[in-house]
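The primary structure of each chain is shown beneath.
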Amino acid sequence: MTDDLPLDIASVDQVLSTARSVRRKLDFDRPVEPEVLFDCINVSTQAPTGLGGENWRFMVVTDPARKTQIADVYRSVLADLQRARGLEIKSTQRSLADRLHEIPALIFVCAIGEPPADEVAGQVAFYGSILPSAWSLMLALRARSLGATWTTLLSSRQEDVSRILEVPDGVTQTVMLPVAYTKGAKMRRAERLDAREVTFWNAWGNQKHPG
Ligand SMILES: Cc1cc2nc3c(=O)[nH]c(=O)nc-3n(C[C@H](O)[C@H](O)[C@H](O)COP(=O)(O)O)c2cc1C
């Protein structure tokens, strides 16, 4: 791959703008080829790295028994959130939880190391060195008609997940992407505020372009 190909901006922007969560319109029966996942991971590791260097590790879970255990933990976090915090669970979120064990590949984006407990700059650097690769992974999947959802629910039960996946101490789990080929999913742009409303020039709150 060369780095100086003329870019097809429309396609690039389409991928960037339509990497929606896909929780239901997924092909649960079609396996995801390891080579395709390797290609996506090779894209994702082009993300910026912090001082920790390439401390990312991608745990791809395809084993039915382990997926079942992970899905059980996921559902129990969801139930806790509902019970303890009275959080309303959307039907799409419920659908994903109900069928999580059937998703062909669950990808945990992990970082070797742990964020410092009381130092904001260190925490920003820690997560800033891993989450860009996770988002690039989601985009690379999207470009190949693979659907995923950005999930962090399981990070509250890192120890349980570590036990199931034999993750050693000192490794931080960040997002988990449940990945499958999409089936009839409509990948549209989301409703978002316009750039002019969220962009300030030179001083906080100043929306007037200086030029
Ligand atoms: C930090 C973060 C954590 C999230 N965790 C979960 C999750 O654990 N499970 C889930 O179903 N959705 C989760 N979501 C929500 C979806 O990934 C998604 O962003 C949301 O449903 C909006 O849909 P869209 O991607 O189509 O815009 C999370 C989103 C963010 C930003």
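Rules used throughout
Residues numbered from 1 in each chain as written. Predicted model: local features only at pLDDT ≥ 70, side-chain atom pairs only at ≥ 80, totals over all residues. Heavy atoms only, no water. Core = buried A, V, L, I, M, F, W, Y, C linked by side-chain atoms within 4.5 Å. Buried < 20%, exposed > 50% of the residue type's maximum accessible area, 1.4 Å probe, protein only. Helix = DSSP H or I, 4+ residues; strand = E, 2+ residues; numbered from the N terminus. Contact = heavy atoms within 4.5 Å. Pairing = 2+ DSSP bridges. Axes fitted to C-alpha atoms, helices over the stretch in contact; angles between N-to-C directions.

A. Spatial organisation of the nonpolar core. Core analysis: the largest hydrophobic core is formed by 29 residues, its most contacted members being Y74 and F108. Among the elements that take part in this core, helix α3 (residues 64–85) stands out by supplying seven residues, more than any other. In this structure, Y74 is in contact with L96, A97, L100, T151, L153, L154 and M176, ignoring residues within four places of it in sequence.

B. The arrangement of the sheet that holds strand β3 (residues 146–147) in detail. Taken in spatial order, the four strands of this open sheet run β1-β2-β4-β3, and their pairing is antiparallel. Each having just a single partner strand, β1 (56–61) and β3 make up the two edges of the open sheet. Bridge analysis of β3 against strand β4 (residues 171–181) gives two bridges, and the strand direction is antiparallel. Among the inter-strand pairings, L146 is bridged to a residue of β4, identified as Y181. On top of the sheet, helix α2 (residues 34–44) reaches β1, β2 (105–112), β3 and β4; it is set at about 155 degrees to β1, its chief contact.

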